[in-house]
Amino acid sequence: MKGRLIALMLALLLALPLLTGCGGWEDPEDPIPLGRYVEAEIELPPEANLIGFQRDSAGELQVLFLQHESSGARYVLHALRDGRWTPDEPDWLAAFPPPDYQENAYETIDGFAPCADGSAYALVTQVDRSGGGYAFTRHLYRAADGQRQDITPASWQGSDVLPGGLQVADQGAGCFVLLTNLGVVHYGEDGTELATYPGNHCFSLSGQCLYVMESGYTSLLRYRLGAAEPEKLAYPNGEAVRDRWNGAVIVPDQDGVLVADPKGIHRYINDSKSGETIVDGALNTMNMPSATFQGMGVDRDGVPYIYYAPDRGATAWTLVRYDFQPDTPAYPSKELVLYSYEDHMVVRQAISAFQRQNPDYRITLRIGTEEIGVGDAATREDAIQALNAELLSGQGPDILILDGLPVESYLENGVLMDLTQALGELAEPGALKEAALAPYRVKNSLYAVPARFQLPLYFGKGLGADASLADIATAAAAYTQAQAAGDKPEDLPFMRPTSFRGRVQMFYHANLSRWLPADGPTPGS
């Protein structure tokens, strides 16, 4: 570790390329092998919702969209070639009218699977809200030449069945459907149930092998069609998929399948007992806590595509392509170690975003509670002592998340690095909320920045942002009186019930310096 440590939170992490003199390693005498999958976002057709991926009998990757236009919605099937969209309208698609959400009854396609003869299977949800609520029924159709045949299995009638995936069997032997809490069911061309394979979450068929993710994402199962018992496959690096926040997806690949989860993309060959990781998830979108898998496809050249749901609070869906770049280093040449006493999703999100923008860096995350154990205050003290011993020896982490760490002590002892130059314009007065930065300023230097902070937001009358304790007490009393009198909400000082204590907590951080005497609080004040 070179120089002094950096103490920072989320905003600074994305500025780390500026910190070239701070920690990390790079060994030019040990050449790094070349070749890595690099992700690139693919622009989606405008005003379109992606429904699913499938590969036709010729190996072409097909993507079904619900396209929203001024004249209404319509289904459009696109072939994805070299990252470009080529629209197509196959005859089977004409059998499914697009949903009209203004009507009391409509239907939506939830999944599709094209067949070699030009027909297709489709999973459809029919919605009826004529009774005042919403009634849902699930259907399985076989469609061709603009016509469709309802082959919904009898067991679906009157039940809460929830289909979660669809794939065509080889050589016209029907289709496979994933049913939540039941498993993968093989249906014949007329909807007759032929076999059931226990499992959950996701599945894929490759030749005569059926791959199913076991319930709880604990392992990957491989069934030989017709066999009663599955093989339990070893996960790459010996890791199971359990406890991962955004699940997994499986798609057929040449002579096997690809499995994608937050740890990466893993290839399984039908005759192999274990998988191989081909894409490191830690360096890509898939490792971001906000990135939830919605679908995956592989084109005829073996290039994987993954479709991610929007981040919390966002509306944009993301389609990412993973290309193998033979001239890109196989792994990052530089490393930064980040220490956090507790595990925070916002920190993991920042790490993933930074590594996507800076492929030469790998951020290694250390969690204090995992190293020492989760427990009482004594446990926290043990973690801090162990960390301090590392800092004193000069072998500690490059970056600190100050969640419960003794920041005042670090400031007094000169452990932290001045971030002013690294932050650039963000460190100038007025660029960020000064009330949030002030606790970390010493003279003209800034030694930490907050990951996030909350602003008090409320609606009503009678209280300004510069409220004193007396103002808050008066407004809280007025609210109580108005509520007791039965006044309408728009006439109340606040738009929701509140208390004096609750309002003080909201204004505490921004107003504490004005509420207390300049020489500090006195007994009884």
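Further up the page is the structure itself.
This report concerns the structure included in the present document. Throughout this description, residue numbers start from 1 for each chain and increase along the sequence as written. A pLDDT threshold of at least 70 governs which residues receive local features in this predicted model, and a stricter bar of 80 or more applies before side-chain atom pairs are shown or counted, although totals over entire chains, interfaces and linings include all residues. With hydrogens and water excluded, all non-hydrogen atoms of the structure serve as input to the side-chain values.

### Remarks on the overall build of the protein
We count it as follows: The way it works is that DSSP assigns letters per residue, a run of H or I at least four long becomes a helix, a run of E at least two long becomes a strand, and they are numbered from the N terminus. With a 1.4 Å probe rolled over the protein chains alone, any residue whose accessible area is under 20% of its type maximum counts as buried; one over 50% counts as exposed, and the rest are partly exposed. Two residues form a contact once any of their heavy atoms are found within 4.5 Å. Surface exposure here means Shrake-Rupley accessible area, sampled with a 1.4 Å probe, where a residue is shielded only by the protein chains that are shown.
Within the protein, the regular secondary structure consists of nine helices and 30 strands. Among the 525 residues that make up the protein, the fraction classed as buried is 45%. Residue pairs at least 24 apart in sequence account for 51% of intrachain contacts in the protein once pairs closer than 6 positions are excluded. Counting every atom, the protein has about 27000 Å² of accessible surface; 49% of that belongs to carbon and sulfur.

### Details of the pairing of strand S12 (residues 175–179)
Put simply, the test is: Here, strands pair whenever DSSP counts at least two bridges between them.
For S12, the tally of buried residues reaches five of five residues, placing the bulk of the element in the interior. Along S12, one buried face is formed by Cys175, Val177 and Leu179 and the opposite face, lined by Phe176 and Leu178, is buried too. Pairing analysis gives five bridges linking strand S11 (residues 163–168) to S12, with the strands arranged antiparallel. What sits directly across from Gly165, in S12, is Leu178. Pairing of S12 with strand S13 (residues 183–187) involves five bridges; the strand directions are antiparallel. Paired with Val177 across the strands is Val185, a residue of S13.

### A look at the packing of aromatic side chains
What counts here: The rule is short: rings of Phe, Tyr and Trp, with Trp giving its six-membered ring, pair when the centres are within 6.5 Å, and they are stacked under 30 degrees, edge-to-face over 60, tilted in between.
Under the counting rule described, the total for this entry stands at 11 aromatic pairs. Ring centres 5.0 Å apart and planes at 65° place the aromatic pair Tyr197 and Tyr223 in the edge-to-face group. On the criterion of sequence distance, the pair formed by Tyr197 in strand S14 (residues 193–197) and Tyr223 in strand S17 (residues 220–224) is long-range, its members being 26 residues apart. Here Tyr197 matches Tyr223 in class, with each residue buried. Following the ring pairs from residue to residue traces out a cluster consisting of Trp92, Phe96, Phe112 and Tyr141.

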